[in-house]
Structures are given as structure tokens and as C-alpha cells.
Number of protein chains: 2
Amino acid sequence: MTRITLATFVVATFLSVTSFSQTSSTAIAEDFKPSSLNQPGQEYPQVNSQGYARFRINAPKADSVKVSLGLGGRGGTRLTKGADGFWTGTTEGPMDEGFHYYNVTVDGGKFNDPGAKNYYGSVRWESGIEIPAHDQEFYALKDVPHGHVQQILFPSKSTGTSRRAFVYTPPGYEKNQSTKYPVLYLQHGWGEDETAWSNQGHANLIMDNLIAEGKTKPFIIVMTYGMTNELKWGKLREFKIDPFQTVLTEELIPYVDANFRTLSNRDNRAMAGLSMGGMETKMITLNKPETFGYYGLLSGGLYNPDDLKDEPKPKLVFISCGSKERPEGVKKAVDDLKGAGYNAVSYVSEGTGHEFQTWRRSLHELAPLLFK
Amino acid sequence: MTRITLATFVVATFLSVTSFSQTSSTAIAEDFKPSSLNQPGQEYPQVNSQGYARFRINAPKADSVKVSLGLGGRGGTRLTKGADGFWTGTTEGPMDEGFHYYNVTVDGGKFNDPGAKNYYGSVRWESGIEIPAHDQEFYALKDVPHGHVQQILFPSKSTGTSRRAFVYTPPGYEKNQSTKYPVLYLQHGWGEDETAWSNQGHANLIMDNLIAEGKTKPFIIVMTYGMTNELKWGKLREFKIDPFQTVLTEELIPYVDANFRTLSNRDNRAMAGLSMGGMETKMITLNKPETFGYYGLLSGGLYNPDDLKDEPKPKLVFISCGSKERPEGVKKAVDDLKGAGYNAVSYVSEGTGHEFQTWRRSLHELAPLLFK
């Protein structure tokens, strides 16, 4: 089960960066603008109103330059060299809305786009591009009270290291000295790390905006690195949950409860994760049902009634994925759970696959359901 | 004055990435190890016990690959292609101890080293490499209580944006609910941003270690972006301090004092900065002497007694630089200040230039002198 799931996540992760919207027969609109994720002052990469991406890279003496984004199986988007030494190219079709990882192959070597900021995915810092989404307002930086995202270094005896996590505290946390908050432990996917949910996912902005609209109870989110071993392709199937479960439940949770004003009981503690982080969430919540009261799997597997039958009942099971993944499986699993008397909710992100837009939307749907 | 100073900083910034230790006539020790700043699982770049750096980059079809680090004026370190398609090369001499920015030119295009993590400098995300320093323990990640570094988004009416800053809170800040702390406002250099002092500078680890040794009073450090306008080469001389001074003194300081447990008066507020951040520190402290009680210029200009004569007396003036910069100027300025009755301290970092090792050491020297 675990092996299959892992393989699925990895394959999905790699397919995902090449996913397309339905191909468009209309002409390409020449209203390209710099991607919102570009480095300061950089004009490229650009995106247009239809979701096409255009790249422009300086490599005057190169023989071939291609971008991993665009045509996947057929080698991404091949750029063509101009008289000025810049290589340019546009994706063949519109990209799915939201965030995509990519890289650039220059004369056979893999590099990043010097115009784009970098995001940790696929076990490397990749270039990132943002295709404006019709619903991007829910994770936009707005003039509302903002929570803080802080890096903590917590002692880990089991690994003999100081390990890093990021902690989102909601607006007002510093001022409301008498208030205690529930906590969501939120995991990244394979090849990503503890930076993913705030950098790529905008988890903090999603919460700031939901809280400003009164749509969710303010709570703390803790994001840490979900692996305790070096992640390499070949080693992926050797993954064991035990070391990370120890770090999370015996080291991180006690540190957070000791250093932040938390409501430290099962009814005020949730765990959710995307992709491989969902697999970790399922394993750990089933191993430690007394620790977490709310479970969330985002493109990260399913719970069946049999998984839960010998467990204290979770207060909520949330299962989601993109419409380009396996929505029928998600819906059926939730129907089965409801049939067995569980409080289960499914969510399907329309028009997206195994990528961050699915997970941003999933967090936006999950947050208001937590800690009721 | 401002113009000259700015030009100096920029030139120095660019020279700095090519600075060498005295060239060594001994053989190169073949004890190369991966740089501590490599991406997970990456074997290259490597550094040896003498401070040489070795690079290895895959670009099988490239005609030329060179690294900006190593020979500066003569075009950095040229790599040579092996039968396996990997380009390798070693710096001609040992590098200065500490952190260096660099990039890789592949067939005429500027990219980053896929093996190294990225750091924002020179108005782009550059590759970073760490040459182990004899005194690296003072900024090492140790098994001591760790403070937290948190990202805040503060409202800025003057720029019409939510602006980002990072706030270091010392170990125990969350637990000691009744304790209030002094605050150091610490600025980055030209082409860097608010991430520099924690990413490249390890300001948080320097403080954690000093506090664990009882060598400094615990205090808060606030690091924000020191420019309010798009930074471009040609525009550099147009820099005006007023917009940033407004953001810092009328927007950020009030936000920090409202959201953190600070001692919000002159005697408990310091400002320091490196390179261009020193120039900003000098301008703002002289414009707002009632706001800051402690001044620090790290490779960032000098105060003369005349600068201060009409001002309320600062409690401390700290001026530092690397021995490869202009140590005589720093020493003379501090002697003059002492002669005029000021509490002034100079520090010269041995064997380093206009780079972060100078500034890590400067912070390590400055912190214990603050808020006495």
C-alpha cells in the first residue's frame, strides 16, 4: 500500500509540472506580463491572459535551450535563438492556473531561469512561475491584518539535530496574551520541504484573508520537514514513517506547546498534508489517534471506514484532489465514510492537477471546517 | 558625500566577490568536501582545508563554462570539460574565509550553480559558497536554546504596500510574557534584501550563541528591506533616504512596538547596517537622534565629531570593516570620536574584505556592547 502510494505521488509530481488546460484554438493574446514570481526588475518569464507562458533567456553562445514547462513528454518548450543572443519561446498551450515548478536545460545541463525566483521542489531549488488564477484573490496579499510566519529551531534528540519548522501565528497573536489557539500540523509533498506551504502555498495569506472575512477561527499552523533521511530517487521506497512520527509527535508538538500559546489537546490539534504529506498524515493519525482530532489528505490518498474502525472517531476527515487527478476515488471514499457515520468532507479543485493550486484551494476549504 | 559613498559601496560590493587570501605556493590539499551551503545531496561545489573552492557542473553540450569566483578581473574560474560532460575547475588560490556570492556563465549566459543554494545579492539570487572559517563556531548551529526568526508584513501607508521584515526574538521570548526587550534595527547592503542578515549573516545563530554564553543581553533584531524604490545600476545615485526613513521610523518601528514586547525608547533602540545599510544608518541616526541611542556602521562609512556635534550624544558609536578595506580610516575616525568625548569602538576583521564574514564578526563584536 505505502509503496504503491509513494510511487503514485512521485509519478504524479513529475507529470504535474507538464499539465495543460484544454488546448485552445484561439490566437495567442499578446498581453504578456512578467510573472508575479520574477526576481526584482526581471521582465521574463511572462504570462498572458490565456495562461500561456513565454520565456526569454540570455545564452548567446548556446546551441540549445529548452524549458521543462509546456510539453512534458516531448521535452518541454524549446526556445529559439534571436540575433541578440536571447532565446525565447512560448508554451504550446495555456498552462493550468496557479504555481508551476520548472527548470531550464542549456546545452544539456539543468539550470534555473535567472529571471524567476526559486522554490524547493523535486529535491532541488526549481524556478517558479505563477499563472494568474480566476480565484487568486483568496491568497493575494491584501491590506488586512497579517499573521506572522516564524522560523523555529527545535531540539530533536531522536535525530541528534536542531530541526527547522515554520510557525504561522494569526493576526493579534502577540497582542492577545491571554488567548490560546488550536494548531494545524501541515505537511509538504515529496521533494519539497518546510518552506513549501508558505512560499508556494501562501498558507499565511490564505489564513489572513479567511480570518479578515470572519470565515475561519484563528489558529496556528506548524510546517516542518517531513523526512528524516536524505531523499533520493532510489531510496524513496525505503521510507519509514517511524522516525518522522517520533520527531513530530515526541519532539515538535511538545516544543510548540511549550513555546506558543496552544490549546494542547486532541480536539484542538489537526494534521493535514499534500501528496506524500497526506500519506504521512494518514499513517501518523492512524498510529496516534489520541493526538489528532482532525485529518486532512490533499491529493494524498484516502481513508476507508476499515482504516478507522478500531480508532477513536476523528471529528473530521477531509479528502481532496484536483479534477485532473482521481476525483471519483475521493468522492467515493468520502461517501463510504459518511455511510459509516463519519464526519467526512470531500473537495475537488476544478481544472487543476497534482500541483499547488489544488492545495491552496484545499487549505482554503479545509480551514473553515477545523476546530468547530 | 552620499554619491561618493554609494559609488564606493557598489564598487566594493563587486570587487568583494573576487577577493583572495594571500596566494599560496603550497600544493592543493586533496581534502575537498561539499560546501555547507549545497542543496540537499549535492556533492559540488566543494571546499578544501586551505580555502580553495572546486566546482563541477553538468553541461555536456556547452562550449564554455566559468564561475565568477576566483579570478575576478580575469573572468573568474574557467572550468574544463570532462569526457562525462561535466565541467570542473578549482580556484587559482585560496578564498577568504566565510561566505561568497557567485554565479556561473554557460555559453555566455549567467546562471546559478545547480549544486548550491541561492542568496539574494547584487540585485539577483546568486549562488552561495561557504569557505570554513577558523572562527566559524560563533555562528554555528549548536545545541543551545534558539530564538525565532519571524516574517512580518507591516502596513506602509507611505508606499501603499504591506512590507516585509524579519524579526529575531531571543530564546525564551514566548515564555517570559512579562519581559520587554531592546531592539536593534539591522540593515543589509546594496543589492541585498531583508533575508541577508539571517540567511548569509546567521544573525540569529550569532545571537543564540552569545546569549547561551552569557555574553550579551537578549534583544530583538528587526531586519527589513532598505530601499523603497526599484534598484537599478543607473538609478543608484538617485537614492534618497527620506522614503526609507519614513518607512522605518514612522511605520515599522510603531508596528514592532505595538506587536512585540519592546522597550520603546531611545536608550533601548539601536540602528546598524552593513555597506549601503551603514550609509542609511548614518543618515537616519543623524536625522532622528531622538529615536536611536546606539549607532553601528559595518563597512558602511564613518562618523566624524562634526557630524555629531549638534546632536544628543549617542550612547555608543561602533565602526568596523575588514582588514582588506580601509581599517586606518575606521581607527582614525574612532580615535577622533574618542578625543571628542564620545563612547566609540572600532573593530577590524582580520583577513576579510567587503563580505559577510566581516559583518558576521562585526555583529558578534557589536551585540555585547549594546543596551548597557
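Residues numbered from 1 in each chain as written. Chains lettered and ligands numbered in written order. Predicted model: local features only at pLDDT ≥ 70, side-chain atom pairs only at ≥ 80, totals over all residues. Heavy atoms only, no water.

- Within an unreviewed UniProt entry, the label attached to chain A reads Esterase, and the organism entered is Salmonirosea aquatica.

### Remarks on the packing of helix 4 (residues 241–259) of chain A against helix 5 (residues 276–287) of chain A
Residues and elements named next belong to chain A.
Then step 1. Two elements in contact, helix 4 and helix 5, have axes separated by 11 Å at closest approach and are oriented at 70°. By the criterion of interaxial angle, the relationship of helix 4 to helix 5 is roughly perpendicular. The handedness of the crossing between helix 4 and helix 5 is right-handed. Contacts between helix 4 and helix 5 involve Ile241, Phe244, Gln245, Leu248 and Thr249 on the former and, on the latter, Glu280, Met283, Ile284 and Asn287.
Then step 2. Residue composition of the contact of helix 4 with helix 5, by class: five nonpolar, three polar and one charged. (Axes fitted to C-alpha atoms, helices over the stretch in contact; angles between N-to-C directions. Helix = DSSP H or I, 4+ residues; strand = E, 2+ residues; numbered from the N terminus. Parallel < 35°, antiparallel > 145°, perpendicular 65-115°, else oblique. Left-handed = near helix turned anticlockwise from the far one by under 90°. Contact = heavy atoms within 4.5 Å. Nonpolar A, V, L, I, M, F, W, Y, C, P; charged D, E, K, R; others polar.)

### Here we look at unusual backbone geometry
Excluding glycine, residues mostly carry a negative phi; peptide bonds, for their part, are mostly trans.
Then step 1. Looking along the chain, the bond that leaves Tyr44 of chain A and enters Pro45 of chain A is cis, with omega of 5°.
Then step 2. Its place among the elements puts Pro45 of chain A in the loop between strand 1 (33–34) and strand 2 (46–47).
Then step 3. Of note, the phi angle at Ser299 of chain A is positive, near 45°, even though the residue is not glycine.
Then step 4. By secondary structure assignment, the location of Ser299 of chain A is in the loop between strand 17 (294–298) and helix 6 (305–308).
Then step 5. Backbone geometry at His202 of chain B places phi at a positive 55°, although glycine is not the residue there.

### Thoughts on the domain arrangement of chain A
Residues and elements named next belong to chain A.
Then step 1. With domains assigned, chain A is organised as domain 1 (33–132) and domain 2 (138–369).
Then step 2. Computed over C-alpha atoms only, the centres of domain 1 and domain 2 are separated by 31 Å.
Then step 3. Taken residue by residue, the interface counts 13 residues in domain 1 and 18 residues in domain 2.
Then step 4. Taken together, the two surfaces of domain 1 and domain 2 that pack against each other cover about 1300 Å², and 46% of this comes from carbon and sulfur.
Then step 5. The residue Lys324 makes a salt bridge to Asp96 at a minimum N-O spacing of 2.7 Å.
Then step 6. Counting the contacts that link domain 1 with domain 2 gives nine residue pairs in polar contact (both at pLDDT 80 or more).
Then step 7. Residue assignment for the side of domain 1 that touches domain 2 shows that the elements contributing at least two residues are strand 7 (98–102), strand 10 (118–121) and strand 11 (124–131). (Domains from an automatic or database assignment. Buried area = accessible area lost by both parts, 1.4 Å probe. Salt bridge = Lys/Arg side-chain N within 4 Å of Asp/Glu carboxyl O. Polar contact = N/O pair within 3.5 Å; in protein donor to acceptor, adjacent residues only side chain to side chain.)

### Regarding the relation of the copies chain B and chain A
Then step 1. Once chain B has been moved 0.0 Å along the axis and rotated by 180°, it coincides with chain A to within an RMSD of 0.0 Å. The relationship between the two copies is best expressed as a two-fold rotation axis. Residue Gln150 of chain B, judged by its C-alpha, is the member of chain B lying nearest the rotation axis, at 1.7 Å.
Then step 2. Most of the interface of chain B is mirrored in chain A, where 98% of its interface residues are also at the interface. (Least-squares fit on C-alpha atoms with pLDDT ≥ 70 in both.)

### Comments concerning the pattern of salt bridges
Then step 1. Under the definition given, this model contains 28 salt bridges over all chains.
Then step 2. With a shortest N-O distance of 2.9 Å, Arg54 of chain A and Glu30 of chain A are connected by a salt bridge. Of this pair, Arg54 of chain A sits in strand 3 (residues 53–58) while Glu30 of chain A sits in the loop between helix 1 (2–16) and strand 1, and the two are 24 residues apart along the sequence.
Then step 3. The class of Arg54 of chain A is buried, set by a relative accessible area of 19%.
Then step 4. Where Arg361 of chain B meets Glu97 of chain B, a salt bridge forms, and the shortest distance between an N and an O atom there is 2.8 Å. With Arg361 of chain B in helix 8 (residues 356–366) and Glu97 of chain B in the loop between strand 7 (86–90) and strand 8 (98–102), this residue pair connects regions lying 264 residues apart in the sequence.
Then step 5. What makes Arg361 of chain B buried here is its relative accessible area of 4%. (Buried < 20%, exposed > 50% of the residue type's maximum accessible area, 1.4 Å probe, protein only.)

### Some remarks on the sheet that holds strand 11 of chain A
Residue and element names in this part refer to chain A.
Then step 1. Spatial ordering of the open sheet is given by 7-11-10, a layout of three strands whose pairing is antiparallel. Bordering the open sheet on either side are strand 7 and strand 10, each of which pairs with just one other strand. Neighbouring strand axes in the sheet, compared pairwise and without regard to direction, differ in orientation by 50° on average.
Then step 2. The pairing of strand 10 with strand 11 spans four bridges and is antiparallel. Along strand 11, the bridge assignment pairs Tyr120 with Trp125.
Then step 3. Relative to the sheet, helix 8 (residues 356–366) contacts strand 7 and strand 11, its axis offset from that of strand 7 by approximately 145°. (Pairing = 2+ DSSP bridges.)

### Looking at the side chain of Glu311 of chain A
Residue and element names in this part refer to chain A.
Then step 1. Mapping Glu311 onto the fold places it in the loop between helix 6 and strand 18 (316–322).
Then step 2. No salt bridge is formed by the buried Glu311, whose closest oppositely charged neighbour, Arg266, lies at an N-O distance of 6.9 Å.
Then step 3. Apart from the residues lying within four places of it in its own chain, the contact partners of Glu311 are Thr285, Leu286 and Pro289. (Lys, Arg positive; Asp, Glu negative; His and termini not counted.)

### Concerning the packing of aromatic side chains
Then step 1. Scanning the model with the defined rule gives 29 aromatic pairs over all chains in all.
Then step 2. Ring centres 5.0 Å apart and planes at 75° place the aromatic pair Phe99 of chain A and Tyr119 of chain A in the edge-to-face group. Of this pair, Phe99 of chain A sits in strand 7 while Tyr119 of chain A is found in strand 10, placing the two residues 20 residues apart along the sequence.
Then step 3. Look at Phe219 of chain A and Phe371 of chain A: their rings are 5.3 Å apart centre to centre, the planes differ by 70°, and that puts the pair in the edge-to-face class. Separated by 152 residues along the polypeptide, Phe219 of chain A in the loop between helix 3 (203–212) and strand 15 (220–224) and Phe371 of chain A in the segment after helix 8 bring together distant segments of the chain.
Then step 4. Exposure remark for Phe219 of chain A: the relative accessible area of 0% places this residue in the buried category.
Then step 5. Aromatic rings pair up to connect Phe99, Tyr101 and Tyr119 of chain A into one cluster.
Then step 6. When the ring centre of Phe32 of chain A is taken as reference, the NZ or CZ atom of Arg54 of chain A above it lies at 4.0 Å.
Then step 7. The ring centre of Tyr342 of chain B lies 5.3 Å from the NZ or CZ of Lys313 of chain B, which sits over that ring. (Phe/Tyr/Trp six-rings, centres within 6.5 Å; stacked < 30°, edge-to-face > 60°. Lys NZ or Arg CZ within 6 Å of the ring centre and 35° of its normal.)

### Quick notes on the pairing of strand 5 (residues 77–81) of chain A
Residues and elements named next belong to chain A.
Then step 1. Relative to strand 5, strand 4 (residues 65–67) runs antiparallel, the two sharing three bridges. Opposite Val67, over in strand 5, you have Thr77 as the bridge partner.
Then step 2. Sheet topology places strand 5 next to strand 6 (residues 86–90); two bridges connect them, and they run antiparallel. The residue bridging Thr80 from the neighbouring strand is Thr88, located in strand 6.
Then step 3. As consecutive antiparallel partners, strand 5 and strand 6 are separated by four residues, and within that stretch Gly85 has a phi angle of approximately 85°, a positive value.

### Here we look at the pairing of strand 12 (residues 124–131) of chain B
Residue and element names in this part refer to chain B.
Then step 1. Burial analysis of strand 12 places eight of its eight residues in the buried class, which makes it a mostly covered element.
Then step 2. Note that strand 8 and strand 12 share five bridges and pair antiparallel. Looking at strand 12, one finds that Tyr101 is bridged to Gly128.
Then step 3. Two successive antiparallel strands, strand 11 (residues 118–121) and strand 12, enclose a turn made up of two residues, where Ser122 displays a positive phi of approximately 55°.

### Notes on the side chain of His146 of chain A
Then step 1. The topology assignment puts His146 of chain A in the loop between strand 11 and strand 12 (148–156).
Then step 2. Look at His146 of chain A and you get buried, because its relative accessible area is 7%.
Then step 3. A distance of 3.2 Å separates a polar atom in the side chain of His146 of chain A from the backbone oxygen of Val144 of chain A.
Then step 4. If sequence neighbours within four positions are ignored, His146 of chain A has contacts with Leu141, Pro171, Leu205 and Asp208 of chain A together with Leu153, Ser162 and Tyr255 of chain B.

### Digging into the interface of chain B and chain A
Then step 1. Taken together, the contacts link 46 residues of chain B with 45 residues of chain A.
Then step 2. Together, Phe111, His148 and Leu153 of chain B form the three largest contributors to the area buried by chain B at its contact with chain A, with a combined 15%.
Then step 3. Where chain B packs against chain A, one counts zero salt bridges.
Then step 4. Connecting chain B to chain A are 12 residue pairs in polar contact (both at pLDDT 80 or more).
Then step 5. Breaking the side of chain B that touches chain A down by element, the ones donating at least two residues are strand 3 (53–58), strand 10 (109–111), strand 11, strand 12, strand 13 (148–156), helix 3 (203–212) and helix 4 (241–259) of chain B.
Then step 6. If you tally residues by element for the side of chain B that touches chain A, the top one is strand 13 of chain B, at six residues.
Then step 7. Of the residues belonging to the side of chain B that touches chain A, the class tally is 18 nonpolar, 16 polar and 12 charged.
Then step 8. Pairing geometry for strand 12 of chain A and strand 13 of chain B, over three bridges, is antiparallel. Bridge assignment links Gln150 of chain A to a residue of strand 13 of chain B, and that residue is Gln150 of chain B.

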